Amino acid sequence: MANSEVKNLNSPDEVRKFENGKLDLVTMEGGVVGRLTLQPGWQWSKHVKPIAKTEWCEAPHFQYQVSGRMHVVMADGAEFDVGPGEVVHLPSGHDAWVVGNEPAVMVDWYGDSNYAKG
């Protein structure tokens, strides 16, 4: 039988900071959950690409957009915006940036364990 676990993203197990953003991570028996907080002006290709050393973000994401807006461009040329209350699945091969003056906050259940990890 599985054990119950309760963790709080306000007291993360790990914090990864990068220019204009940070990632809070909690590790549980069921996996890793991350909260990305990205400031206005943040863009993956400008602020995380130098850490990842890949052409596109290769971390797949399954995330809930808590606040702010993001614009996403896929390697195949598809583009779309994501806003509060939306759930998005992003496969590997994308770039994204914050739109507007509000920080973008997302909770991710898949992919953040290797995000912004040099």
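This section reports on the structure supplied with the text. (Residues numbered from 1 in each chain as written. Predicted model: local features only at pLDDT ≥ 70, side-chain atom pairs only at ≥ 80, totals over all residues. Heavy atoms only, no water.)

**A word on a nonpolar patch on the surface**
As a reminder, the rule being used: Nonpolar side chains (Val, Leu, Ile, Met, Phe, Trp, Tyr) within 5 Å and like charges within 9 Å form the patches, drawn only from residues with over 30% relative accessible area and no salt bridge. Only the protein chains shown count as covering a residue, and every accessible area follows the Shrake-Rupley method with a 1.4 Å probe. Salt bridge, as used here: a side-chain nitrogen of Lys or Arg that lies within 4 Å of a carboxyl oxygen of Asp or Glu. Here a strand is any run of E in DSSP of at least two residues, a helix any run of H or I of at least four, and the numbering for each starts at the N terminus. The cut-offs for exposure are 20% and 50% of the maximum accessible area for each residue type, with area from a 1.4 Å probe on protein chains only; residues under the lower value are buried, those over the upper are exposed, and the others partly exposed.
Together, Phe-62, Tyr-64, Val-66, Val-87, Trp-109 and Tyr-110 give the surface a local cluster of nonpolar side chains, amounting to about 610 Å² of exposed area. In terms of residue count, strand E4 (residues 61-67) provides more of the nonpolar patch than any other element does, three residues in total. Looking at the element boundaries, Val-87 is found in strand E7 (residues 87-90). For Val-87, a relative accessible area of 55% puts it in the exposed group.

**Concerning the sheet that holds strand E6 (residues 79-82)**
Within a sheet, adjacent strands bond to each other through the backbone by hydrogen bonds, running parallel or antiparallel. The following threshold applies: At least two DSSP bridges between two strands are needed for those strands to be called paired. Axes here refer to lines fitted to C-alpha atoms; in helices the fit is confined to the stretch in contact. Angles between the N-to-C directions go from 0 to 180 degrees.
As summarised here, the arrangement of the three strands in space is E6-E5-E8, forming an open sheet in which the pairing is antiparallel. A strand with exactly one partner marks an edge of an open sheet, and here the two such strands are E6 and strand E8 (94-99). Each strand of the sheet is rotated relative to its neighbour by a mean of 20 degrees, with strand direction disregarded. Relative to E6, strand E5 (residues 69-74) runs antiparallel, the two being bridged by four bridges.

**Observations concerning the pattern of salt bridges**
By the definition in use, this model includes five salt bridges. Asp-13 is the salt-bridge partner of Lys-7, the closest N and O atoms lying 2.9 Å from each other. For Asp-13, a relative accessible area of 46% gives the class partly exposed. A salt bridge links Arg-35 to Asp-24, with the nearest nitrogen and oxygen atoms 3.0 Å apart. Of this pair, Arg-35 sits in strand E3 (residues 31-38) while Asp-24 sits in strand E2 (residues 21-28), and the two are 11 residues apart along the sequence. Each of Lys-22, Asp-24 and Arg-35 takes part in a single network of salt bridges with overlapping partners.

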